[in-house]
Amino acid sequence: MKRTTLSLFAATAALAVVTGVAALNPPSDGSPEGTRTAERLPVQRSTLVCPAPTSSDVGETTYAAFTPAAKGAAQRSAAADLLPAGGTARTDAKKDAKDEKKAADKKGEAQDPGKPVLSLKDPGKPVAATTDRSDAPALLGTADGPLAPGWAVQQSTVVSAGSGRGLHGTACTAPDTSFWFPGASTVKGRQDYVHLTNPDSGAAVADLELYGKDGRVKPAGGESVNVPPRSTVAVLLSTLTDAPAEDLTLHVAVRSGRVGAAVQTSDDKLGGDWLPPSADVAPDLVLPGIPADATSVRLVAFAPGTEDADLKVRFAGPNGSITPAGHEALHLKGGMTSAVDLGDVAKGEAGSLLLTGERGGAPVVAALRVTRGKDDKQETAYIPATGAIEGRGTVAGDRAGAKGSTLSLVAPGKAAQVRVTASAGSEGGSPVSKTYAVGAGATLTVDVPQPDGGKGVYAVTVEKVSGGPVHASRMLALPKDGVPMFTIQPLPDDRSTVAVPEAEQDLSLLND
């Protein structure tokens, strides 16, 4: 074999480390002779996409970006930039015309496609930017080197009036090829858009599949959506079906390329927010962070495939787990969406919902729609099933000096200990860390720590110190005019390291 061919193999292995994709050898401890333990190294590149925030004339958006500082890591020049994507294509012509008029009214104010909306330069030092543009674009971003591991970006929009009035918050996400969104809807008075953003130089094709209480929803037209390179497409879900449904599960299945996907909901009466995707399908799920003052909690769950699933339902409060009266179990028929009103399941105590499947049961996805407030002062947010923090998770966008931001930590099995760090503020201040003990089967809800002397926006990092699995979410509250505006973001593991197998031999040194 020629040296050039072997060098190509070596370059391919290096590329796997850069992109965070690497083969994992079995551990050497207790495994057959000859196997090796893979070393975990920081990822060298991270990609995130942020959906177009709002088309409202009375919306204001804040972006915040942060990468945790690595202990003992050598500092070197790097950048994590978020750039505008191409134009947002929408499926409803009336909306297109309205957006074009808004753009025409703002001549000369268009965002330079080559100029970053947000640029992060140093780990440990958050940055922020704001806009009140109703035609603000989706954003595409890449972080390299020391800024890649744990790079987090938050997008928060306050819509002060109209349909969807409220705080719309979402963590910008990595592109992928499959997303599940239980909790979507196409009923009258509600507008749900799925935003598909393609960060790559080649076109992507995604199928939009809807599942209701009777199974797969027959599409009104085509289900496939073409997403041009480095662009975004927003699809109104009600255009995909002729029969309105309150509780639906949306599956975004990418056939070509990859996309970032997010669903934005707007309700005439209940406000609106971003619906994050559920964690990967699994027989057991954790949905962390039900507020103590929730006036309504609605569970939407779905079992992909043909197998039914039987789930035990528990509420993990501050003192342990209980079975909600009247909601002890949930039976899901394969391929059908089920919804259950849990009412005021919190009963004045913040907590989390635990769904446990039978041994060998079918995997499921799930999300909660949480409502706070009463009458015409109601506001809604969503809590998807959230993966455990194996090492570290980060969320950005907290505001120094503001009250009402809370962190929910739940240990569904064994007790655990975690370290929570508030970063410096974007306009000054010093980090502050606190350690918390989370009881077995319980949810610990704490006020998000504030940085010492912090100004501007800051980030919160949760690190697992010891014990069993920990799941977390952050509620950001910005009450306005008597409306309890709020949004909830899950904190999954940031996957900031990748397993790299030990090389047995440097093949690039071999000749023919």
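It should be emphasised that the depicted structure is a prediction, and the values quoted were computed from it without experimental measurement. (Residues numbered from 1 in each chain as written. Predicted model: local features only at pLDDT ≥ 70, side-chain atom pairs only at ≥ 80, totals over all residues. Heavy atoms only, no water.)

> Quick question: what am I supposed to make of the overall build of the protein here?
Scanning the protein from N- to C-terminus turns up 2 helices and 37 strands. Sorting the 512 residues of the protein into buried and exposed places 51% on the buried side. The long-range fraction of contacts in the protein, counting pairs at least 24 apart against all pairs at least 6 apart in sequence, stands at 82%. For the protein, the exposed surface amounts to about 22,600 Å²; the carbon and sulfur share of it is 51%. (Helix = DSSP H or I, 4+ residues; strand = E, 2+ residues; numbered from the N terminus. Buried < 20%, exposed > 50% of the residue type's maximum accessible area, 1.4 Å probe, protein only. Contact = heavy atoms within 4.5 Å. Areas by Shrake-Rupley, 256 points an atom, 1.4 Å probe, with all protein chains shown as cover.)

> Where do I start with the nonpolar core in this structure?
Burial of nonpolar side chains together is a common tendency in soluble globular proteins. If you look at the biggest cluster of nonpolar residues, it comprises 32 residues, and the most contacted ones within it are Leu-287, Ile-290, Leu-353, Leu-355 and Leu-368. Residue contributions to this core peak at 4 residues, all from strand 22 (residues 309-317). Not counting residues within four places of it along the chain, the set of residues in contact with Ile-290 comprises Val-297, Phe-315, Val-345, Ala-346, Ala-350, Gly-351, Ser-352, Leu-353, Leu-368 and Ile-383. One finds Ala-206, Val-217, Val-225 and Leu-240 within the second-largest nonpolar core, a separate group that totals 26 residues. (Core = buried A, V, L, I, M, F, W, Y, C linked by side-chain atoms within 4.5 Å.)

> What should I look at first to understand the sheet that holds strand 36 (residues 486-490) in this one?
Strand pairing in a sheet is mediated by backbone hydrogen bonds. Such pairs are either parallel or antiparallel. The sheet built from 4 strands is open, its strands ordered 33-30-35-36 with antiparallel pairing. The outermost strands of the open sheet, each flanked by one partner alone, are strand 33 (442-447) and strand 36. Taken over all neighbouring pairs, the strand axes of this sheet differ in orientation by 20 degrees on average, direction set aside. Of the pairings in the sheet, the one linking strand 35 (residues 471-477) to strand 36 comprises 5 bridges and is antiparallel in character. Residue pairing for strand 36: Ser-473 is matched across the bridge by Pro-490. (Pairing = 2+ DSSP bridges. Axes fitted to C-alpha atoms, helices over the stretch in contact; angles between N-to-C directions.)

> Help me understand the state of the cysteines in this model?
Under the criterion given, the structure shown has 1 disulfide. Across a sulfur-sulfur distance of 2.0 Å, Cys-50 and Cys-172 are joined as a disulfide pair. Measuring handedness by torsion sign, the sulfur bridge of Cys-50 and Cys-172 sits at about 110 degrees and is right-handed. Here Cys-172 lies in the loop between strand 10 (166-171) and strand 11 (178-184) and Cys-50 lies in strand 2 (residues 45-50), a separation of 122 residues in the sequence. Residue Cys-50 shares its accessibility class with Cys-172, and that shared class is buried. (Disulfide = S-S within 2.5 Å.)

> Even after reading the chapter, I still don't get the pairing of strand 21 (residues 296-302), so can you show me in this structure?
Burial within strand 21 is extensive, with 6 of its 7 residues counted as buried. Of the pairings in the sheet, the one linking strand 21 to strand 27 (residues 365-372) comprises 7 bridges and is antiparallel in character. Across the sheet, Ala-301 pairs through a bridge with Ala-366, a residue of strand 27. The pairing of strand 21 with strand 25 (residues 337-343) spans 6 bridges and is classified as antiparallel. In the sheet register, Leu-299 faces strand 25, and the bridge partner there is Val-340.

> When you look at the confidence of the model for the protein in this model, what are you seeing that I'm missing?
For any part of a model where pLDDT is low, the fine detail of the predicted coordinates should not be relied upon. Confidence in the prediction for the protein averages 87 pLDDT; 84% of positions are at 70 or higher. Below a pLDDT of 50 lies the segment residues 1-34, which in the model reaches 43 contacts outside its immediate sequence neighbourhood of four places, other chains included. Note on residues 93-109: pLDDT under 50 across the span, and 15 contacts to partners over four residues away in sequence or across chains. (pLDDT = per-residue confidence, 0-100.)

> Would you take a moment to explain the pattern of salt bridges for this structure?
A pair can form between side chains of opposite charge whenever their charged atoms are brought close. The final tally for this structure, using the stated rule, is 14 salt bridges. Note that Asp-135 is salt-bridged to Arg-133, the shortest N-O span being 2.8 Å. Given the relative accessible area of 27%, Asp-135 is considered partly exposed. Arg-133 gets classed as buried once you look at its relative accessible area, which sits at 14%. (Salt bridge = Lys/Arg side-chain N within 4 Å of Asp/Glu carboxyl O.)

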